[in-house]
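Secondary and tertiary structure notes
The residues making up each chain are set out below.
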Amino acid sequence: MSLAYVDGRIVPIEQASVSIEDRGMQFADGVYEVVRAYRGRLFRLEPHLVRMRQGLGELEIPEPEVAGGLSALLEGLWARSGEEQGLLYVQVTRGQGARAHVPPAGLRPTLIVTCRAVGPHPEQRYREGVKAITHGDVRWEWCHLKTTALVANVMLRTRAQRAGAYECLLHREGMVTEATAANAFAVVDGVLRTAPCSNQILAGVTRAAVLELAQELNLPHAERSFSQVEAARAEELFVTGTHTEIMPVVDLDGRVVGDGRPGPVTVRLLEAYRGLVQAEVGGI
Ligand SMILES: Cc1ncc(COP(=O)(O)O)c(C=O)c1O
């Protein structure tokens, strides 16, 4: 059963609400995380919370006070939902107050959580790969913060979907940063590459897991950006994210990537990723 939590109250999602004066609503003044559940358990909750706390720290938003701590609350909420597979969404905003750019003193952060059953992507997408388009990275300079200010991501992912594509790869000055809701990897001249962590990308939890696996599997890899030109001639291309997992991209802007099928590095990493999930949560 899906459920929502708003500042201490658990309600059905349709009945959950926050004030129109919440700064999340007015200014996207807050951060969020999406955590995947497999087999009734949250996968890699801690790194999501570490990233959220870093974001709150940089934005000078105090962490909401929760009896027993945030991890226990989120795990408890997911257990209460009774769902096996799905997505837990957690958002913290600076709080509620009369609209003013400079926050009034004494705000109490708003904490909202939803737990929903969401199935995996169709297996066919992983087997056959998906299309992606490219676009200039028109977002701001604080992309390492997972704020709810996502209108550029919304517009570009919608454009991708209209073009029959799964994702839109973003580029700045000719270099691929990431995608609208995923990190981007390419195998170029036999080396697996992804942009290094900086203010231009979100340090994805899945990205970190893929780098761990590349190390374990002894795959040549580097945290080094690849260019648009390299993406176009890459042997393999894929995007990573909590719900996306490791999604092979076999068509970029209408041109075939590699031989048009998920390549061997992508396939090995996806298998290893599923093994990791299985090992950590006890099954998919
Ligand atoms: C812009 C962006 N990059 C990367 C990711 C992947 O992050 P994660 O693997 O932690 O889900 C996301 C996830 O939503 C995202 O929105």
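Residues numbered from 1 in each chain as written. Predicted model: local features only at pLDDT ≥ 70, side-chain atom pairs only at ≥ 80, totals over all residues.

Let's talk about the overall build of the protein chain
- Secondary structure assignment for the protein chain yields eight helices and 15 strands.
- Compactness check: the protein chain gives a C-alpha radius of gyration of 19 Å against a globular reference of 19 Å for 284 residues, within 12% of the reference.
- Taken along its principal axes, the extent of the C-alpha atoms in the protein chain is 55 × 40 × 35 Å.
- When burial is assessed residue by residue, the protein chain has 39% of its 284 residues classed as buried. (Helix = DSSP H or I, 4+ residues; strand = E, 2+ residues; numbered from the N terminus. Rg over C-alpha atoms; globule rule 2.2 N^0.38 Å. Buried ≥ 20, exposed ≤ 12 C-beta atoms within 10 Å, placed from the backbone.)

With respect to the pairing of strand β7 (residues 130-136)
- In this structure, β7 lies alongside strand β14 (residues 245-252), joined through three bridges in parallel fashion. By the bridge assignment, Lys-131 is partnered in β14 with Asp-251.
- Of the strand pairs in this sheet, β7 and strand β8 (residues 167-172) are connected by five bridges, and their pairing is parallel. Bridged to Gly-136 within β8 is His-171. (Pairing = 2+ DSSP bridges.)

A word on helix α2 (residues 45-58)
- Taking 1.5 Å as the rise per residue, α2 with 14 residues should run 20 Å; its terminal C-alpha atoms sit 20 Å apart, in good agreement.
- Those residues of α2 that are buried are in contact with β3 (30-38), β4 (41-42), α3 (70-81) and α6 (205-216).
- Glu-60 occupies a position one or two residues after α2 and carries a positive phi of about 55°. (Expected span 1.5 Å × (residues − 1). Contact = placed C-beta atoms within 7 Å.)

Section: the site of the ligand
- Lining the immediate environment of the ligand, one finds 13 residues, of which Leu-202, Gly-204, Val-205, Thr-206 and Thr-242 sit closest.
- Secondary-structure elements contributing two or more residues to the shell around the ligand are α6 and β13 (236-241).
- In terms of residue count, α6 provides more of the shell around the ligand than any other element does, three residues in total.
- Broken down by class, the residue content of the shell around the ligand amounts to five nonpolar, six polar and two charged. (Near = placed C-beta within 6 Å. Nonpolar A, V, L, I, M, F, W, Y, C, P; charged D, E, K, R; others polar.)

So, α3
- Compared with an ideal rise of 1.5 Å per residue, which puts twelve residues at 16 Å, α3 spans 17 Å between its outermost C-alpha atoms and is within 8% of the ideal.
- Residues Leu-74, Trp-78 and Ser-81 constitute the buried set of α3. Buried residues of α3 fall within an arc of 60° about the axis and therefore sit on the same side.
- Looking one or two places after α3, you find Gly-82, whose phi comes out positive at around 75°. (Arc of directions from axis to C-beta.)

A few points about the domain arrangement of the protein chain
- Considered domain by domain, the protein chain is made up of domain 1 (3-117) and domain 2 (123-281).
- Placing the centre of domain 1 and that of domain 2 at their C-alpha centroids yields a distance of 26 Å.
- Taken together, the contact pairs 22 residues of domain 1 with 13 residues of domain 2.
- Elements that contribute at least two residues to the side of domain 1 that touches domain 2 include exactly β3, α2 and β5 (86-93).
- By residue number, the principal contributor to the side of domain 1 that touches domain 2 is β3, which donates eight residues.
- Considered class by class, the residues forming the side of domain 1 that touches domain 2 number ten nonpolar, five polar and seven charged. (Domains from an automatic or database assignment.)

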